[in-house]
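Okay, here's what each chain looks like letter by letter:
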Amino acid sequence: MRLTIRTNLAARILMVCAENPELLLKTAEVAALCNCSTNHAAHVVQRLQAEGYVSTLRGRSGGFSLSRRAEDVSMGDIFRLFEADIPFAECFDEASNTCPLRGSCRLQRYIERALDAFYHELDMVTLRDLVQGNCGLSALLTLRPELPASCAP
């Protein structure tokens, strides 16, 4: 199993938002922190905004920020948001399935169960779980001049 770049970036972008809750973030600075193109980050931010995970403000002094509390952002929901439109295997897409084993193969049912278990585990993880008390992550993603007091040496 392999996640799309968009899903990976969505998780990174949300972690940057959670680490910088009081800031209005610029797509370019977040792209630099996430090691991706500004264009790619902008597409992910646009999707997160459309789904209500981030709020955006247009204009020269604009940017974006987390629009939900970190504890209310389920990583399972984020992964589904970015992965749901991509079939896991050919047999999961009725429109393009040309598998000759269709109708007799039992593997699809087991894969579905495995995917359900995967998402179930992620449903129990919130954005807050990923960032709270994670000083290493804070050091990498904070745009504040100093680390939070809980991370000070």
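Along each chain, numbering runs from 1 in the same order as the chain's sequence is written. For this predicted model, a pLDDT threshold of at least 70 governs which residues receive local features, and a threshold of 80 or more governs which side-chain atom pairs are given and counted, while totals over whole chains, interfaces and linings are taken from all residues. Excluding hydrogens and water, the side-chain values take into account all heavy atoms of the structure.

Here the focus is the confidence of the model for the protein chain. Confidence of the predictor in every single residue is expressed as pLDDT, which spans 0 to 100. Looking at the protein chain, the pLDDT average stands at 89 and 95% of residues meet or exceed 70. Strands here are runs of E lasting at least two residues and helices are runs of H or I lasting at least four, both read from the DSSP assignment and numbered beginning at the N terminus. When pLDDT is averaged over each helix and strand of the protein chain, the minimum, 88, is found for helix α7 (residues 135-141) and the maximum, 97, for helix α6 (residues 127-131).

Before going further, it helps to examine the nonpolar core. What tends to happen in soluble globular proteins is that the nonpolar side chains get buried as a cluster. The biggest cluster of nonpolar side chains holds 33 residues, and the ones touching the most others in it are Ile-13, Leu-14, Leu-48, Phe-64, Ile-78 and Leu-127. Among the elements of the structure, α1 (5-19), α2 (27-34), α3 (38-50), α4 (75-83), α5 (107-123), α6 and α7 are those that each provide at least two residues to this core. Among the elements that line this core, the one with the most residues is α1, at 9 residues. Throughout, a contact is declared for two residues whenever any of their heavy atoms are within 4.5 Å. Filtering out sequence-adjacent residues up to four positions away, Ile-13 remains in contact with Val-30, Cys-34, Ala-41, Val-44, Val-45, Leu-48 and Phe-64. To qualify as a nonpolar core, a set must consist of buried Ala, Val, Leu, Ile, Met, Phe, Trp, Tyr and Cys residues joined through side-chain atoms within 4.5 Å. Per-residue accessibility, obtained with a 1.4 Å probe over protein chains only, is compared with the maximum for each type, and a residue is labelled buried under 20%, exposed over 50%, and partly exposed between these values.

Below, the discussion takes up the pattern of salt bridges. Side-chain pairs of opposite charge can arise where the charged atoms are in close proximity. Here, a salt bridge means any Lys or Arg side-chain nitrogen found within 4 Å of an Asp or Glu carboxyl oxygen. Per the counting criterion, the structure on display carries 4 salt bridges. Between Arg-69 and Glu-71 there is a salt bridge; the shortest N-O distance is 3.4 Å. The class of Glu-71 is partly exposed, set by a relative accessible area of 30%. Put simply, Arg-69 and Asp-72 hold a salt bridge, and the shortest N to O gap is 2.9 Å. Note on Asp-72: relative accessible area 41%, which makes it partly exposed.

By the secondary structure assignment, Asn-20 is in the loop between α1 and α2. At 2.6 Å, the side chain of Asn-20 forms a polar contact with the backbone nitrogen of Leu-143. With near-sequence residues (within four places) excluded, Asn-20 lies in contact with Leu-25, Leu-141, Thr-142, Leu-143 and Arg-144. In the analysis that follows, any N or O atom pair within 3.5 Å is treated as a polar contact, provided that within protein one partner can donate a hydrogen and the other can accept it, and provided that, for residues neighboring in sequence, both atoms belong to side chains.

Turning next to the environment of Cys-17. Considering the arrangement of structural elements, one finds Cys-17 in helix α1. Exposure remark for Cys-17: the relative accessible area of 1% places this residue in the buried category. For the pair Cys-17 and Leu-127, spaced 110 residues apart in sequence, the C-alpha to C-alpha distance is 9.9 Å. Those residues in contact with Cys-17 that lie beyond four places of it in its chain are Leu-25, Val-54, Phe-64, Ser-65 and Leu-66.

What follows covers the pairing of strand β2 (residues 63-66). What makes two strands pair is DSSP finding at least two bridges between them. In this structure, strand β1 (residues 54-57) lies alongside β2, joined through 4 bridges in antiparallel fashion. When the bridges of β2 are listed, Ser-55 appears paired with Ser-65.

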